Amino acid sequence: MIFVSLSEQPPNFDDADEQIGTLAAPQGMERAKVAKMIDYDVASNWKLVWENNRECYHCNVNHPQYIKSNFDHYNADDTTKQIKNEIEAATERSEKKWATSGLAITHTMTGMAQFPDADRDLWYAANRTALVDGYVSETMEGQQAAPLMGGYEDADVGTLRIRTMPNFWNHSSCDHAVSTRLLPAGPQQTKVRVIWLVDENAVEGSDYNLEDILPFWQLTSEQDWELCERAQRGANSSRYQPGPYSTYKEYNVDGFVRWYLQQLIEE
Ligand SMILES: [Fe+2]
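Residues numbered from 1 in each chain as written. Predicted model: local features only at pLDDT ≥ 70, side-chain atom pairs only at ≥ 80, totals over all residues. Heavy atoms only, no water.

**What about the pattern of salt bridges?**
If charged atoms from side chains of opposite charge come close, those side chains can pair. Applicable threshold: Between Lys or Arg on one side and Asp or Glu on the other, a salt bridge is scored when a side-chain nitrogen of the former is within 4 Å of a carboxyl oxygen of the latter. Put simply, DSSP marks the helices as runs of H or I at least four residues long and the strands as runs of E at least two long, and each gets a number from the N terminus on. Partly exposed residues are those whose accessible area sits between 20% and 50% of the maximum for their type, while under 20% is buried and over 50% is exposed, using a 1.4 Å probe and protein chains only.
Scanning the model with the defined rule gives 13 salt bridges in all. Among the ionic pairs, Arg193 bridges to Asp39, the shortest N-O distance being 2.7 Å. Pair noted here: Arg193 is in strand S6 (residues 189-199) and Asp39 is in strand S1 (residues 32-42), with a separation of 154 residues, a long-range link. Classification of Arg193 by relative accessible area gives partly exposed; the value is 25%. Asp39 sits in the partly exposed class, given a relative accessible area of 49%.

This is the structure we're talking about:
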């Protein structure tokens, strides 16, 4: 992954490298290969694509596969005692296991990790979080579907998430990593490229099958693009009026909007 800024005053890359590099080191991205790439033309402004990505309010009814393996669709207002116990148990179990492999869980609550951080003008973030008990990979059944990547010695490594403004996010499991890159192509058009990575030595057909590693993020992505296009159509309506954001479910959408406005002021 190569990050480029064309700005005359590029942001500080060293701090990003420190945080992302350290967390992502065990994933072995530099020893990965592209297993599959899918390009999408989404009829939606790129900012609506980010707004969709920054909340999981829509997950319960739109992403049945995603909510089975993750905790971040729960928030402070709907995290029951049982869910709280589950994530605490998963975090504790994972931390015990990972302590010896130098991995660390950095996001231990329900809800999405805070990003972007408009107050600190932070354009990057990475965290590792536990998956629901019984899931070791973001695959349909939660099972490992390709050889372990990078330096992992065990499949139970939760998921690593990386995000950088203005156009990139990545979800990595023990056995594969999925990157999404946005390219604005017009006021109501975004080109999206989704890239599946596996270990460089993994052989398709014997070590992994695309039908095992693709569906989880292909479905989640395509469900999201549909929502983004609907949001665009809604915003185009002469009756459209922006509503208030939920402080429980949409704090990151608020963060994104404030981050974006800040860039305009700085420019
Ligand atoms: Fe989504």
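**A word on helix H8 (residues 251-266)**
Cut-off, in case you're wondering: One less than the number of residues in a helix, times 1.5 Å, gives the span that helix is expected to have. Think of it as the arc spanned by the lines of direction from the helix axis to the C-beta atoms. Note on definitions: a residue-residue contact is assigned when non-hydrogen atoms from the two residues lie within 4.5 Å.
An ideal rise of 1.5 Å per residue puts 22 Å on 16 residues; H8 measures up with 22 Å between its terminal C-alpha atoms. Of the positions making up H8, those classed as buried are Asn252, Val253, Gly255, Phe256 and Trp259. Taken down its axis, H8 places every buried residue within 160 degrees of arc, on the same side. Buried residues belonging to H8 abut helix H2 (46-53).

**Points about the packing of aromatic side chains**
We apply this condition: Centres within 6.5 Å are what make two rings of Phe, Tyr or Trp a pair, Trp counting through its six-membered ring; a difference in plane orientation under 30 degrees is then read as stacked, over 60 as edge-to-face, and the rest as tilted.
As enumerated under the stated definition, the model contains 13 aromatic pairs in all. Measuring from ring centre to ring centre gives 5.3 Å for Trp123 and Tyr124, while their planes differ by 80 degrees; the resulting arrangement is edge-to-face. As far as the burial class goes, Trp123 and Tyr124 line up, both buried.

**Comments concerning the state of the cysteines**
Counted only if it meets this: Here, two cysteine sulfur atoms that lie within 2.5 Å of each other are counted as a disulfide.
Within the structure shown, the criterion is met by 1 disulfide. Unpaired in this structure, Cys228 has its nearest cysteine sulfur neighbour in Cys59, at a distance of 12 Å.

**Here we look at the pairing of S6**
What counts, and what does not: Two strands qualify as a pair provided that DSSP identifies no fewer than 2 bridges between them.
Counting buried positions over the 11 residues of S6 gives 8, a clear majority of the element. Where S1 meets S6, 10 bridges bridge the pair, whose relative direction is antiparallel. Within S6, the residue paired with Met37 across the bridge is Ile195. In this structure, strand S5 (residues 177-186) lies alongside S6, joined through 9 bridges in antiparallel fashion.

**Looking at H2**
Heads up, the condition is: N or O atoms within 3.5 Å of each other form a polar contact, as long as, within protein, one can give a hydrogen and the other can take it, and as long as residues adjacent in sequence are counted only when both atoms are side-chain atoms.
Most of H2 sits out of view: 7 of its 8 residues are buried. Taken residue by residue, H2 has Trp46, Leu48, Val49, Trp50, Glu51, Asn52 and Asn53 as its buried positions. Elements in contact with the buried residues of H2: strand S3 (159-164), strand S4 (168-172), S5, S6, helix H7 (215-236) and H8. For H2, the N-terminal cap is Asn45; the gap from its side-chain oxygen to the backbone nitrogen of Lys47 is 2.8 Å.

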